[in-house]
Amino acid sequence: MLSASLAQLVRAPALQAGGRRFESYNSHQSFFMSIDINKFLDFHKENGGTGKLFNFEFKEHKEGFLELSGEFNELCLNPDGSVQGGMMTSMLDDVTALLLIFESGGTLYPSSTDLHTLHHRPLFKGEVTARAILMKKGKNIATVRGELINKDGKLVTTLVHTVFLIDRENRF
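The shown structure was predicted, so the numbers you read here are calculated from the model rather than taken from an experiment.

### Re the overall build of the chain
Part 1 of the argument: Helix and strand content of the chain: five helices and six strands.
Part 2 of the argument: Burial statistics for the chain: of 172 residues in total, 45% are counted as buried.
Part 3 of the argument: A fraction of 64% describes how many contacts in the chain between residues 6 or more apart in sequence connect residues 24 or more apart.
Part 4 of the argument: Just so you have it, the chain exposes about 9200 Å², and 51% of that area is on carbon and sulfur atoms.

And the structure:
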């Protein structure tokens with residue numbers, strides 16, 4: 001049973017740090033440093049189906065950039081043993097959305113309007129690096145590029161994800 005919303009989980013540290021909201025910080029980086037991204041990843045694992053499947057681990061974050069490690073298990077494979085393209089798209093959908101959710105402090109939720117995926121080479125079972133790079137963000141629409149990198153450091157998949165930004169605090 002879920003006892004707190006994602007926005008409530010991440011606002012608590014900011015409120016304890018002086019009651020300031022995200023918009024009142026002079027530096028976005030100080031806001032990001034006050035929030036543990038693992039709260040978002042844990043929320044994703046506990047409440048999302050793919051969160052349980054991909055087993056994300058935090059690697060790096062800079063403003064407009066998020067890097068996670070993830071894994072594809074046997075449930076994600078085609079009969080020939082390679083990862084299904086839709087599973088790669090799903091992982092990048094999650095990572096690009098997590099970047100926007102994290103950087104908003106859980107106040108925005110991205111609703112996909114377009115996912116455009118390019119697969120450059122096959123990918124096989126195991127760990128992968130997933131990156132999200134903010135391309136453009138307006139008041140209501142954002143576009144984020146996602147990339148999957150294989151264990152050899154080669155680009156496997158590119159995603160361009162366009163989303164409508166839903167204000168979680170004022171939508172009702």
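### Some remarks on helix H3 (residues 37–47)
Within an α-helix, residues lying three or four positions from one another point in the same direction, as the helix has 3.6 residues per turn.
Part 1 of the argument: Buried residues of H3: Ile37, Phe40, Leu41, Phe43 and His44, and no others. Projection of H3 onto a plane perpendicular to its axis shows the buried side chains occupying an angular sector of 160°, all on one side.
Part 2 of the argument: Two or three places before Asn38, at the start of H3, stands the capping residue Asp36, its side-chain oxygen 3.0 Å from that residue's backbone nitrogen.

### Description of the nonpolar core
Part 1 of the argument: Grouped together as the largest cluster of nonpolar side chains are 33 residues, with contacts concentrated most on Phe54, Phe56, Phe72, Met91, Leu123 and Leu148.
Part 2 of the argument: Residue assignment for this core shows that the elements contributing at least two residues are H3, helix H4 (49–54), strand S2 (65–72), helix H5 (85–103), strand S4 (126–137), strand S5 (141–149) and strand S6 (155–167).
Part 3 of the argument: Per-element accounting of this core gives the leading share, ten residues, to H5.
Part 4 of the argument: Apart from the residues within four sequence positions on either side, Phe54 is in contact with Gly70, Glu71, Phe72, Cys76, Met87, Ser90, Met91 and Asp94.

### Notes on the packing of aromatic side chains
Part 1 of the argument: Scanning all chains against the criterion turns up three aromatic pairs.
Part 2 of the argument: Residues Phe54 and Phe56 carry aromatic rings whose centres are separated by 5.9 Å and whose planes lie at 50° to one another, so their mutual orientation is tilted. The same class applies to Phe54 and to Phe56, which are both buried.
Part 3 of the argument: A centroid spacing of 5.7 Å and a plane angle of 75° characterise the contact between Phe54 and Phe72, whose relative ring orientation is edge-to-face.

### Thoughts on the sheet that holds S6
Part 1 of the argument: Overall, antiparallel pairing links the six strands, which are arranged S1-S2-S4-S5-S6-S3 in an open sheet. Sheet topology places strand S1 (57–62) and strand S3 (108–119) at the edges, where each strand pairs with a single neighbour. Averaged over all pairs of adjacent strands, the angle between their axes in this sheet comes to 25°, without regard to strand direction.
Part 2 of the argument: The pairing of S1 with S2 spans five bridges and is classified as antiparallel. Within the sheet, the bridge partner assigned to Glu57 lies in S2 and is Ser69.
Part 3 of the argument: Its contacts with the sheet place H3 against S1 and S2, and it is angled at close to 135° to S1.
Part 4 of the argument: Sitting on the sheet, H5 is in contact with S1, S2, S3, S4, S5 and S6, with an inclination near 45° to S6.

### Let's talk about the confidence of the model for the chain
Part 1 of the argument: Averaged over all residues, the pLDDT of the chain is 83; the fraction at 70 or higher stands at 78%.
Part 2 of the argument: Segment residues 1–31: pLDDT under 50, and 40 contacts once partners within four positions in sequence are set aside and those in other chains are kept.

### Structural notes on the side chain of Glu147
Part 1 of the argument: Secondary-structure assignment places Glu147 in strand S5.
Part 2 of the argument: For Glu147, the side chain forms a polar contact with the side chain of Arg145, separated by 3.1 Å.
Part 3 of the argument: Excluding its chain neighbours within four sequence positions, the residues that come into contact with Glu147 are Leu92, Thr129, Ala130, Arg131, Ile133, Leu155 and Thr157.

### Section: the pairing of S2
Part 1 of the argument: Of all eight residues in S2, seven are buried; the element is thus mostly enclosed.
Part 2 of the argument: The sheet contact formed by S2 and S4 spans eight bridges and is antiparallel. Its bridge partner lying in S4, Leu66 is registered against Ala132.

Reading the values: the criteria
- Residue indices follow the written sequence of each chain, beginning from 1 at its first position.
- Owing to the predicted nature of the model, reporting of local features is limited to residues with pLDDT of at least 70; listing and counting of side-chain atom pairs is limited to 80 or more, with chain, interface and lining totals taken over all residues.
- The side-chain quantities take in all heavy atoms of the structure and omit both hydrogens and water.
- Helix and strand definitions follow DSSP, with helices as H or I runs of at least four residues and strands as E runs of at least two, each counted in order from the N terminus.
- Buried means the residue's accessible area, taken with a 1.4 Å probe over protein chains only, is under 20% of the maximum for its type, while exposed means over 50%, and partly exposed covers the values in between.
- We call two residues in contact whenever any of their non-hydrogen atoms come within 4.5 Å of each other.
- Where accessible areas are quoted, they stem from the Shrake-Rupley method and a 1.4 Å probe; at the residue level, only the protein chains shown are allowed to cover.
- The arc in question is traced by the directions running from the helix axis to the C-beta atoms.
- Pairs of N or O atoms within 3.5 Å make up the polar contacts considered here, provided that, within protein, one atom can donate a hydrogen while the other can accept it, and that residues adjacent in sequence are counted only when both atoms are side-chain atoms.
- Residue types Ala, Val, Leu, Ile, Met, Phe, Trp, Tyr and Cys, when buried and joined through side-chain atoms within 4.5 Å, form a set referred to as a nonpolar core.
- What counts as a ring pair is set by centres within 6.5 Å for rings of Phe, Tyr and Trp (its six-membered ring), and what kind of pair is set by the plane angle: stacked under 30 degrees, edge-to-face over 60, tilted for all other angles.
- Strands are labelled as partners when DSSP assigns at least two bridges between them.
- Simply put, an axis is a line fit to the C-alpha atoms, just over the touching stretch for a helix, and the angle between two N-to-C directions goes from 0 to 180 degrees.
- Confidence scores per residue from the predictor, reported as pLDDT, run from 0 to 100.

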